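# Overview (structure and organization)
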There are 2 protein chains.
Amino acid sequence: MKMVALEEIREISVVSASKIVMLVIDGLGGLPDAKTGHTELETAHTPYLDQLAKRSICGLIDPVSPGITPGSGPGHLALFGYDPLKFTIGRGVLEALGIGFELTKNDVAARGNFCTVDDDGLIVDRRAGRITTDKCAELCKLLGQIKLEGVELFVWPVKEHRFLLALRGDGLSAGINDTDPQRLGIVPNMAIAKEPQAKHTAHMVNIFIDEASKILARHHPANMILLRGFSKLPDIPSMNEIYKLAPAAIAVYPMYKGLAKLIGMKVFSADGGIQEELKILADCFDKHDFFYVHVKNADSAGEDGDFKRKVSVIEQVDSALPQLLELKPEVIVVTGDHSTPAMLKGHSWHPVPVLLYSQWCRSDDVKEFSESACISGGLGRLHATDIMPLAMANALKLTKFGA
Amino acid sequence: MKMVALEEIREISVVSASKIVMLVIDGLGGLPDAKTGHTELETAHTPYLDQLAKRSICGLIDPVSPGITPGSGPGHLALFGYDPLKFTIGRGVLEALGIGFELTKNDVAARGNFCTVDDDGLIVDRRAGRITTDKCAELCKLLGQIKLEGVELFVWPVKEHRFLLALRGDGLSAGINDTDPQRLGIVPNMAIAKEPQAKHTAHMVNIFIDEASKILARHHPANMILLRGFSKLPDIPSMNEIYKLAPAAIAVYPMYKGLAKLIGMKVFSADGGIQEELKILADCFDKHDFFYVHVKNADSAGEDGDFKRKVSVIEQVDSALPQLLELKPEVIVVTGDHSTPAMLKGHSWHPVPVLLYSQWCRSDDVKEFSESACISGGLGRLHATDIMPLAMANALKLTKFGA
């Protein structure tokens, strides 16, 4: 059976006054602590989330598919209803979003690594000994001075050995192989066009690499570069086109703001915690009808393997929840874009708890917001892409499909 | 992920003596009453359904997809195993099914509205003040006298301002835009061919509209017509082709009988309640191996917002259930084509409870047939299109897929 697609949603979505708030606690799902048997969410004291869960319908969502660990891009796209297997975002573009570089439709972006090659040009360290971010910035400045005819060049530092390369110009194509062979002991690949229209771009990239290697020769260990994930902005319909929403995003980190902007959200930058974010939410509540509120720190704590800190982030969200409830949005969704168990120190494949509150949600027997309780929730186990249609339906923003 | 499709089922279905009864309580699913916290189904006293649920495997089904509110067409197609996103039925065809007009493969059908235009031809009321059905019938008779060369014409009243237009003739095409702009203050659209082979049909439709406007000039407020949903009978395989079944439908309302006929069921008309329907079932039980029994009134009560009446319809079904059980069909499915909560006075997106009884069903712990109990049923939350393969499997009518 086909799954419902954005084209069908576009046909049946309607504008209404009701408001949807989607609170995304990044990396929400976890794994139980060996001693207590409780996950981060189950360990956290969350009276407000539990109360809300009682009035909600709950379940577990798979961002991509069971067993698949999603990156932040696919995880979020799925929550916003975009099939992450259909709408793929190239690594170069993701890198640009992540540092707040504003890509245009004429840009080709690639993820770059400074690396170390030996006297024969063979790769001996793909990360150039993880040079400092300051050193990376200094080298990017040098590479940014390279001139390519008819192409504007951007080389931005990311972190340690990582940088962003963006080429801006007419007729550039992203159809180029990676120059990073992802192996040691061999020379980097040439940039080769995978399609005829990419030949010019491949040529420009090879000139850039050649110039870069000359400049970097005296900067051992960062004496060469590797490029991968050449990509352009994806062709993706906006949330307004599909859902007829006027969506707003409230987030701290550039990557999430960039992704939100990509699908047409109005972005509000926060630089504090959840309380500041919810203050911004209150301020713009009248002007929008969909609100994506992003809480990053749960994921960061999970990535650091810091169980306690992740518990504490969740508790901070819980104690701020009344601020959100006061606004009385018709629909509230609380979930995560993926799991980040502290025990695994990274993203994982485990499905993510979700609660959906509305007057019409047909609430279930779930009495607390946790991985184990959500198993028996009324939503069952769903694809994350089902959450937006459900939120829209509960906001009475979808008409009937077929007569 | 691809789901199993009709082509695969066709390959593995086999004929056997076992019988499947699918009892469809239209609009079965509901929402809890604010005071009691119980839905219509949960409020109803249903000892026989509960007893059957104990011996069955239960779950919740999404007719189209989570969050999507299905029309009756998609809701039923899904129950019969036809992907409602693939097999779409045009509005014109549905209107014909709904009034028992027998479409042939040569027909193009459209839904018509009588409307009001002002002296400049601008639409001022898309429904002509909702004229009476009698008036509609009188005007349809007049329009039915219009002559189109080489085309047989049918103009049938539906209800109030609504009518069916059907053109019958060789080489007619449904590739025509709506003439109904669905806006006020502008003139109706011309019929325009969306594909070259529809040019002739568009021309005929424009002549019809022109003649109609002359005839209707003296029938203000119904002084013009709007047409939409031009469509032909869909190309849809019969249940016999797919499942090798000899299927029968027992229903009261034309639309459901029409839909059943469309997929090759032998239709038995009832005009009373469930007891009469089950009497017909008993009479034809020897001659068929699949029986679709349709109970309309639960949906009608839901649409009217009449919680109590919906409860009472469900109780009537329950008390008639022993009549069905006496026949000892190998497989019994009880479900609905969608939810129609009295609180929402219309179809809704909420998943529908389903029970499936057979000797081989591997029954679960569900002890009553209700929305909340079905959440923890052994079927979990399923697409409605999975029900037919499950019913077929439980009737031992499907062989192994692959070696």
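Provided above is the structure to which this section pertains.
Right, let's walk through the structure included here. (Residues numbered from 1 in each chain as written. Chains lettered and ligands numbered in written order. Predicted model: local features only at pLDDT ≥ 70, side-chain atom pairs only at ≥ 80, totals over all residues. Heavy atoms only, no water.)

Time to look at the relation of the copies chain A and chain B. One copy of the chain maps onto the other through a rotation about an axis plus a displacement along that axis. Under the fitted operation, chain A is carried onto chain B by 0.1 Å of movement along the axis and a turn of 124°, and the coordinates agree to an RMSD of 0.2 Å. The symmetry that links the two subunits is that of a three-fold axis. When the interface residues of chain A are mapped onto chain B, a mere 7% of them are again interface residues, pointing to distinct binding faces. (Least-squares fit on C-alpha atoms with pLDDT ≥ 70 in both. Contact = heavy atoms within 4.5 Å.)

Okay, the packing of aromatic side chains next. Tallied over the full model, the rule gives 14 aromatic pairs over all chains. Both rings, one in F114 of chain B and one in F163 of chain B, keep their centres 4.7 Å apart while their planes meet at 45°; by these two values the pair is tilted. Here F163 of chain B lies in strand β6 (residues 162-168) and F114 of chain B lies in strand β3 (residues 107-117), a separation of 49 residues in the sequence. In textbook terms, an aromatic cluster arises when at least three aromatic residues are bridged by ring pairs, as seen for F80, F290 and Y292 of chain A. The ring of F285 of chain B is capped by K19 of chain B, whose NZ or CZ atom sits 5.3 Å from the centre of that ring. R55 of chain B extends its terminal NZ or CZ atom over the ring of Y357 of chain B, reaching a point 4.8 Å from the ring centre. (Phe/Tyr/Trp six-rings, centres within 6.5 Å; stacked < 30°, edge-to-face > 60°. Helix = DSSP H or I, 4+ residues; strand = E, 2+ residues; numbered from the N terminus. Lys NZ or Arg CZ within 6 Å of the ring centre and 35° of its normal.)

Here the focus is the interface of chain A and chain B. Bring the parts together and some accessible area is lost; that lost area is often taken as the interface size. Of the residues lining the interface, 28 residues belong to chain A; the matching set on chain B comes to 35 residues. Summing both partners gives a buried area of about 2700 Å² for chain A against chain B, and 67% of it is carried by carbon and sulfur. Where chain A meets chain B, there are zero salt bridges. Every element with two or more residues in the side of chain A that touches chain B is listed here: α1 (6-12) and α14 (387-394) of chain A. (Buried area = accessible area lost by both parts, 1.4 Å probe. Salt bridge = Lys/Arg side-chain N within 4 Å of Asp/Glu carboxyl O.)

To continue, consider the packing of helix α6 (residues 133-143) of chain B against helix α7 (residues 199-216) of chain B. Residues and elements named next belong to chain B. At a closest axis distance of 10 Å, the pairing of α6 and α7 adopts a crossing angle of 125°. Compared by their axis directions, α6 and α7 come out oblique. For the crossing formed where α6 meets α7, the hand is right-handed. For the pair formed by α6 and α7, the contact residues are L139, L142 and L143 on the first element and F208, A212, I215 and L216 on the second. Of the residues that constitute the contact of α6 with α7, the class distribution is seven nonpolar, no polar and no charged. (Axes fitted to C-alpha atoms, helices over the stretch in contact; angles between N-to-C directions. Parallel < 35°, antiparallel > 145°, perpendicular 65-115°, else oblique. Left-handed = near helix turned anticlockwise from the far one by under 90°. Nonpolar A, V, L, I, M, F, W, Y, C, P; charged D, E, K, R; others polar.)

Judged by nonpolar contacts, the single largest core of 107 residues is most densely connected at L23, Y82 and F290 of chain A. Ranked by residue count, the leading element in this core is helix α12 (residues 307-325) of chain A, at eight residues. Setting aside residues up to four positions removed in sequence, Y82 of chain A forms contacts with L6, L77, F87, I236, P237, S238, M239, I242, I263 and T385 of chain A. Core analysis: the next-biggest nonpolar cluster, separate from the first, contains 97 residues, L41, A270, L281 and A373 of chain B among them. (Core = buried A, V, L, I, M, F, W, Y, C linked by side-chain atoms within 4.5 Å. Buried < 20%, exposed > 50% of the residue type's maximum accessible area, 1.4 Å probe, protein only.)

All names here are of chain A. Taken together, the eight strands give an open sheet; going across it, the order is β9-β8-β10-β1-β11-β12-β2-β13, and neighbouring strands pair in mixed fashion. In this open sheet, the two edge strands, each paired with only one partner strand, are β9 (266-269) and β13 (380-383). In this sheet, adjacent strand axes meet at a mean angle of 25° when their direction is disregarded. Relative to strand β12 (residues 352-357), strand β2 (residues 57-62) runs antiparallel, the two being bridged by five bridges. Across the sheet, residue L60 finds its bridge partner in β12, namely P353. Set on the sheet, helix α3 (residues 47-54) makes contact with β2, β11 (331-335) and β12; between it and β12 the angle comes to about 65°. Docked against the sheet, helix α10 (residues 274-284) engages β1 (20-25), β8 (247-251), β9 and β10 (290-295), running at close to 170° with respect to β10. (Pairing = 2+ DSSP bridges.)

Residue and element names in this part refer to chain A. Using the criterion set out here, one finds 36 salt bridges over all chains in the structure. A salt bridge links R162 to E95, with the nearest nitrogen and oxygen atoms 2.9 Å apart. Highlighted residues: R162 in strand β6 (residues 162-168) and E95 in helix α5 (residues 91-98), separated in sequence by 67 residues. A relative accessible area of 7% places E95 in the buried class. For R168, the salt bridge goes to D107, with nearest N and O atoms at 2.7 Å. Pair noted here: R168 is in strand β6 and D107 is in strand β3 (residues 107-117), with a separation of 61 residues, a long-range link. We classify R168 as partly exposed; its relative accessible area is 21%. For D107, a relative accessible area of 1% translates into the label buried. By sharing partners, the salt bridges in this structure join E95, R111 and R162 into a single network.

Working definition: the strands of a sheet are paired by backbone hydrogen bonds and lie parallel or antiparallel to each other. Residues and elements named next belong to chain B. Taken in spatial order, the eight strands make up an open sheet running β9-β8-β10-β1-β11-β12-β2-β13, and their pairing is mixed. The strands lining the two open edges of the sheet, one partner per strand, are β9 (266-269) and β13 (380-383). Strand-to-strand twist of the sheet, defined as the mean angle between neighbouring strand axes without regard to direction, takes the value 25°. Bridge analysis of strand β2 (residues 57-62) against β13 gives four bridges, and the strand direction is parallel. What sits directly across from L60, in β13, is R381. Those strands touched by helix α3 (residues 47-54) are β2, β11 (331-335) and β12 (352-357), and its axis lies near 65° from that of β12.

Distances and angles like these do not, on their own, reveal function.
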